Each structure stands twice: as structure tokens, then as C-alpha cells.
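# Analysis of the macromolecular model
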Amino acid sequence: MQELRVAVLGVGLMGADHLRRLAARTSGARPVVVADAFADRAREVAGELPGVRVVEDPFDAIADPEVDAVVIATPGATHEELVLACLERELPVLCEKPLTTEADTSLAVVRAEQALGRPLVQVGFMRRFDPEYASLRELIASGDLGRPLLVHCAHRNPAVPAHFTSEMMITDSVVHEVDVARFLLGEEVTAVTVLTPAASRDAPAGLADPMVVLFETGSGRLVDVELFVTTGVAYEVRTEVVGERGTAMIGLDTGVVRSSGDGRRGQVITPGFRERFAQAYDIEVQRWADAARRGTVDGPGTWDGYAATAVCTAGVEALRTGRRTEVRLAPREA
Ligand SMILES: NC(=O)c1ccc[n+]([C@@H]2O[C@H](COP(=O)([O-])OP(=O)(O)OC[C@H]3O[C@@H](n4cnc5c(N)ncnc54)[C@H](O)[C@@H]3O)[C@@H](O)[C@H]2O)c1
């Protein structure tokens, strides 16, 4: 295939970023079509880029003969039918997380792709493409840390939108830690417990912030996640692996160390996920486009999307009941 001609569905925050990334920083691919429920927004974003057409209906964009591949960046609740429509046309897809919002619908996507006999869908778990996470995984694989026993994760946001709920702390934020745990440890999460300590007085009423989430894995290892989404500080995502022969940590923003006039020395903390993971998003989209042109997927696939959704479904139940909740995963093959 010459150049991958891409449709971007949903050009809000993530979709507009991916569109510009495809236009300016991805080789072998270019955006040709955008669709967004908010047509004015689609026209505005497409207007910045020559050669990009607006198509009103995202299903028409998927059916467009000029489209070879699709990036889905609409809200999670719309993903299921859009991904299934792409699979019907056997188009490669980069679907932002979550694959779908419920475990059973994610499993239906896994099965629909399996029926085609080849992988077509990559799910937007971009941390796998972040150089620090990739190095941590390589370190684990080298055996130098010994067998990993524990993983400690911290996921801190300075603030969240007013509509953000405690459940969304699991489905929107912890979902990334689920994928990190599976990526680093190479096994499934089998049970989830959610603890809600005294809430910060700065958190909106009713938001269980901070929250501690504990994953158990198939071989009996533990992953703890501190989630704190109203720190007022900056965007901090930290991961530490404790092995039998050492520990390793990433996410300290150890870029330029600067001295300032008030006699302090330090680093700048990234303000948000777009800055912290900018390089990861670029690598993610480039690897997706390269693999799509070869007719395959080179990143987290439908099974990874399904497993993450299943763990989050269990997590939401654990939050609601206050009880340890087992994850119910279907057999990998139908
Ligand atoms: N990987 C990450 O780090 C990351 C970060 C943020 C968001 N996301 C994911 O990206 C997706 C989009 O999030 P966002 O923050 O860009 O949201 P957003 O609200 O900024 O943008 C969503 C866009 O989709 C459009 N839209 C809604 N329904 C549509 C439909 N049926 N057809 C066409 N367009 C439709 C909206 O008009 C809007 O412009 C979500 O799945 C979210 O979870 C991933």
C-alpha cells in the first residue's frame, strides 16, 4: 500500500491531536476525512489542513472509498458500533480507550475480529509506547530485577472536569493502570478491591478522592494504585516495580534540572497527559500506521481492550459494594 488514507472520527481533544499528528508527524499516512457529531467543529479542524474533507455521518466516513484506515476518538459509548462497522469493511482501526464501555460488548468485538482471522484493531493504550514504560518492561524481561513481586502506581491529576465521578476514576483513569499492570507483568488481573480513605477537602462533594485500588494477578502478585485527581499540583504518573533482586521506578520527570532565584533546584512537572505522553502518542500512531500498511497490528489489541474493560467493570462493582470482586474473563479463543 502506498500511503494510508485515514478517517478520524471525533475531533475533540484527542481526535484533533491525532489528526494533526497524522498530518504533520506520521510518515506513510495522511488524514483524508473527518467526522464529528458537532459539524462546526469538524469544519473548523479540517479547515486547518488542506486535503481533509468533512463527512457528516461517521458511518459514511467508514464506508468512504478513499478511506483505508480509521482512528476512533469519539466518546467511549460510541466505540462499539463504530469498531464493528470498521471490521465489517475489514479496515485497520486505532480505537481510543476504552474499546467499549462494557465487558460483554468488548468481548463481542474480540469475537468479530477473530471471525475475520486477522488482527485489525489497536486500542489506544499509549503508555506501552512511552520510552520509560518500554524500558521498564525490557528491564523486567532481562531478569536483572529478579521476579517482579509488587507494582506501586500513582496516578495524580491537578484537577478534573465537574462531571467527573468516582466510577470514572476507575473507567477513565485506572483503566490505564490495568493495561500497565498486564503489560509489565504479562498476566491477567483476576480480582479488584477498591478502598476509599478520607476524602480531600478540596475534592468536589461525593468524589471518592483519593482512592486506592488493589489488583491481584493470576500468579498471586499485587499491584496497588493510588488515584488522586484533585491534587492542584500537576500531572504525575509514577510506576515502581519491586522485584526479588531490586526495584525500578519511572515517572519522575527527571528532565532539565534548573536552579532558580529563590535558591531552589528542581524539574518542571508536566501539567497534563498530553505533555507527559506526547512522545508516546506520536510513536503509537506511527507504529499503528506502519503495521496497518503491512496488514497487521503492532500494539495492544482487542483482547487487551476487553481485559481492561472487564477489570474496570469488576472495579466499579468493587467500589459500589466495598468488596473484593473477581474478574470474569471469557476463554481467549471462542
Ligand atoms: N489515551 C488517552 O490518553 C486518552 C486521553 C483522553 C481521552 N481519551 C479517549 O479519547 C476519546 C475521546 O476523548 P476526548 O477527551 O477527545 O473527548 P471530547 O469530548 O473532547 O471529544 C469527543 C468528540 O467526539 C464527538 N462525537 C461525539 N459523539 C460522536 C459520534 N457519535 N460521532 C461522531 N462524533 C462524535 C464530539 O462532538 C467531540 O468533538 C474517549 O474514548 C476518551 O476516553 C484517551
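Residues numbered from 1 in each chain as written. Predicted model: local features only at pLDDT ≥ 70, side-chain atom pairs only at ≥ 80, totals over all residues. Heavy atoms only, no water.

Before going further, it helps to spend a moment on the pairing of strand β7 (residues 148-156). Two faces make up the sheet, and in a regular strand the side chains alternate between them. Across eight bridges, β7 lies against strand β11 (residues 236-243) in antiparallel orientation. Within β11, the position partnered with alanine 154 by the bridge is arginine 238. Relative to strand β10 (residues 222-228), β7 runs parallel, the two being bridged by seven bridges. When the bridges of β10 are listed, histidine 155 appears paired with leucine 227. (Pairing = 2+ DSSP bridges. Helix = DSSP H or I, 4+ residues; strand = E, 2+ residues; numbered from the N terminus.)

Time to look at the site of the ligand. Taken together, 22 residues are adjacent to the ligand, and Leu13, Met14, Asp36, Lys97 and Tyr281 come closest. At 3.4 Å, a backbone N or O of glycine 124 approaches a nitrogen atom of the ligand. Within the complex, 76% of the 850 Å² of free accessible area of the ligand lies under protein. Of the residues belonging to the shell around the ligand, the class tally is 11 nonpolar, eight polar and three charged. (Near = heavy atom within 4 Å. Polar contact = N/O pair within 3.5 Å; in protein donor to acceptor, adjacent residues only side chain to side chain. Areas by Shrake-Rupley, 256 points an atom, 1.4 Å probe, with all protein chains shown as cover. Nonpolar A, V, L, I, M, F, W, Y, C, P; charged D, E, K, R; others polar.)

This next bit is on the nonpolar core. One recurring pattern in soluble globular proteins: nonpolar side chains tend to sit buried together. Counting residues in hydrophobic clusters, the biggest one holds 81 residues, and the most contacted among them are Leu9, Val70, Ile72, Val192 and Phe215. Per-element tally for this core: the top contributor is helix α7 (residues 166-185), with 11 residues. Looking at which domains feed residues into this core, each of domain 1 (4-127 + 279-300) and domain 2 (130-276 + 309-326) gives three or more. Setting aside residues no more than four positions away along its own chain, leucine 9 makes contact with Ala35, Pro58, Ala61, Ile62, Val70, Val71, Ile72, Ala73, Thr74 and Leu82. (Core = buried A, V, L, I, M, F, W, Y, C linked by side-chain atoms within 4.5 Å. Buried < 20%, exposed > 50% of the residue type's maximum accessible area, 1.4 Å probe, protein only. Domains from an automatic or database assignment. Contact = heavy atoms within 4.5 Å.)

To continue, consider the domain arrangement of the protein chain. Under the domain assignment used here, the protein chain contains domain 1 (4-127 + 279-300) and domain 2 (130-276 + 309-326). Between domain 1 and domain 2, the C-alpha centre-to-centre distance is 27 Å. Every contact between the two is made by 19 residues of domain 1 and, on the other side, 17 residues of domain 2. When residues of domain 1 are sorted by the area they lose upon contact with domain 2, Lys97, Phe125 and Arg127 head the list and together hold 48% of the total. Inspection of the region where domain 1 meets domain 2 yields two salt bridges. Between glutamate 177 and arginine 127 there is a salt bridge whose closest N-O contact spans 3.0 Å. Run the count over domain 1 and domain 2 and you get eight residue pairs in polar contact (both at pLDDT 80 or more). Listed by contribution, the elements that provide at least two residues to the side of domain 1 that touches domain 2 are α1 (13-24), α5 (103-116) and α9 (278-293). (Buried area = accessible area lost by both parts, 1.4 Å probe. Salt bridge = Lys/Arg side-chain N within 4 Å of Asp/Glu carboxyl O.)

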